[in-house]
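Here's the letter readout for the chains.
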Amino acid sequence: SKSKASTSSSTPSKASAPPKTSSPSKAAATVVSSSRPTESVPAHYEPEKVPMDVRQEIEKLFHTSYPIHITKDVFDTKADLIKLRRYFHANPELSWQEVQTAKNIASYCESLGLATKKNVGRTGVVAVLHGAHSDGECIALRADMDALPIQEENPHIKYQSRKANVSHACGHDCHMAILLTVARILSGPKYVRQLHGCVKLIFQPAEEGGGGAKFMIDDGVLDADDSQLNCPAVDQVYGLHVWSYLKLGKIVAKSGALMAGSAHFEIRVRGVGGHGAEPKGTSDTVLAITQLCIQLHSIVSRNLSATDCGVVTVGTMRVGAAPNVIAEDGSVTGTIRFLNTAVFELIQQRIQSICRGIELSFGVTVNVEYRSIPYPPTVNHAKNVQYVTDAVHKVFPANENVVVSNLTTMAAEDFSFYLNERPGCYFFVGCGVDEYEGDDAKNMDDGDDKKVKIYAHHTPTFRVDERCLLIGVQIMVNLVMELLSKPKQVNNTAQNEDATDMIQINDFKPNEQIEDKMIGNDS
Ligand SMILES: [Zn+2]
Ligand SMILES: [Zn+2]
């Protein structure tokens, strides 16, 4: 099977010699030379008209009740786009092990003629697409590359994961395929000659808990690069996630907190063990740890304001070894979710106090540790949300309800680290498989009353409707073409208007807080 895997690993590179769609290079050359001196900058980008026969094909594919505007150039990539996604799907790699994935991505970008840098933030890849005019902004688009330690159970699909206990159960395979295809389209001469500035493509490792975004930022992914990539600092940053709780053709883009911050804790309790028949002189860890769990669950209901959002979940409890032994030590692990740092601080303080109380009540010692890098909340910037919304409306010109703006999820996402540094927007692209199912049918996130079967993220049967790929590509293309349709504005007020957002999230210094709040061994 090893040789099989390596044969098919050439798929992206094969797809990477793309027929450069419909624009003859002759036309490109003429326009570039004639447009240089007296530039007529178009006020806004309008996607091209689609020939009737192509439009009919697209409408047949999506059969929506409203028009959907996918350009011919984007639609022409459909077969390769799906091939890319399925290749990644069949060959998943866990966080920090995305070596072959990164190699394929880098060679795809190189084949498009893009300056490409490998091993950024360990296994990450960065490529830069330069517009014909260097006077514009630098827009970063990000895709995550890692899969999950989950055994896939989708035997009906031919491209099911070839690796035992590893699968793209979150949809990051889709994100990579979308971003590579956006790069392929935008690197066509017809697009390059319209672009002011550059597009930075960020392929990031270890989103699933590893905080890969932070490693890429520490490695300078948002900074100017005078050597290899030859590009200025990133001005704005965008990313998308396919979202199976949302039906195809729906997008979630909202300003403010879209996703929660998260931190994982481990609490170790140590008592004094003994014979199960002789409790005197012991400190029973089973009793202490069960009380601890009950009290942890009082934080959200009793300490948080009724209008604040927070979650404290105890996910595991380990204690005791035999029915006739008083347990000496045990531990619980869990996760905290929050939409602002004040809530995070409050929850941490309460955990600390509760642990002190347990120590006093039961004569045990309790240590709290926070595992892995905490993720800040993903807080979008109003102006950038508007840019995404405009790009979406160009795809669905007659449907005002396509963008859902009131949805917040307590799931976490390390895109938040980019949004701490730069204005930008993270958004969800509906990929729900529209199927009625019996007992486990649920309502989708968009408020639709219809009950459908949801193939949830992070489960063995996770599935997407692959038509979402074309939608994702078209939104990103529209977004970039609009943002880079003009030279950089010197007095851009975007940051000032979003100043409150910026202050709120810049206050968040995860590591410092965690260290301050850590209960030491001597407590
Ligand atoms: Zn995930
Ligand atoms: Zn994900």
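Residues numbered from 1 in each chain as written. Chains lettered and ligands numbered in written order. Predicted model: local features only at pLDDT ≥ 70, side-chain atom pairs only at ≥ 80, totals over all residues. Heavy atoms only, no water.

Draft legend 1. Focus on the packing of helix α14 (residues 382-395) against helix α16 (residues 467-483). In the contact formed by α14 and α16, the axes pass within 8 Å of each other and the chain directions differ by 120°. Here α16 runs oblique to α14, going by the angle between their axes. With respect to the hand of their crossing, α14 and α16 are arranged in right-handed fashion. Within the contact between the two elements, α14 uses Y387, V388, A391, V392, K394 and V395 and α16 uses Q474, I475, N478, L479, E482 and L483. Of the residues in the contact of α14 with α16, the class split is eight nonpolar, two polar and two charged. (Axes fitted to C-alpha atoms, helices over the stretch in contact; angles between N-to-C directions. Helix = DSSP H or I, 4+ residues; strand = E, 2+ residues; numbered from the N terminus. Parallel < 35°, antiparallel > 145°, perpendicular 65-115°, else oblique. Left-handed = near helix turned anticlockwise from the far one by under 90°. Contact = heavy atoms within 4.5 Å. Nonpolar A, V, L, I, M, F, W, Y, C, P; charged D, E, K, R; others polar.)

Draft legend 2. The packing of aromatic side chains, seen in detail. Counting across every chain of the model gives nine aromatic pairs. An angle of 0° between the planes, with centres 4.0 Å apart, marks the rings of W243 and F428 as stacked. Linking W243 in strand β5 (residues 236-247) with F428 in strand β16 (residues 424-432), this pair joins segments that are 185 residues apart in sequence. On the basis of relative accessible area, W243 is assigned to the buried category, the value being 6%. On the basis of relative accessible area, F428 is assigned to the buried category, the value being 0%. Geometrically, the ring pair formed by F338 and F344 is stacked, given 4.2 Å between the ring centres and 10° between the ring planes. Taken together, W243, Y245, F415, Y418, Y426 and F428 form an aromatic cluster joined through their ring pairs. (Phe/Tyr/Trp six-rings, centres within 6.5 Å; stacked < 30°, edge-to-face > 60°. Buried < 20%, exposed > 50% of the residue type's maximum accessible area, 1.4 Å probe, protein only.)

Draft legend 3. Fine view of the pairing of strand β2 (residues 124-130). Counting buried residues along β2, six of its seven residues qualify, which places the element largely inside the surrounding structure. Where strand β1 (residues 115-120) meets β2, four bridges bridge the pair, whose relative direction is antiparallel. Within the sheet, the bridge partner assigned to A115 lies in β2 and is V128. Hairpin remark: β1 followed by β2, antiparallel, with three residues in the connecting loop; positive phi at G121, about 55°. As defined by bridge partners, β2 adjoins strand β4 (residues 196-204) across six bridges and the pair is classed as antiparallel. Paired with V128 across the two strands is K200, which belongs to β4. (Pairing = 2+ DSSP bridges.)

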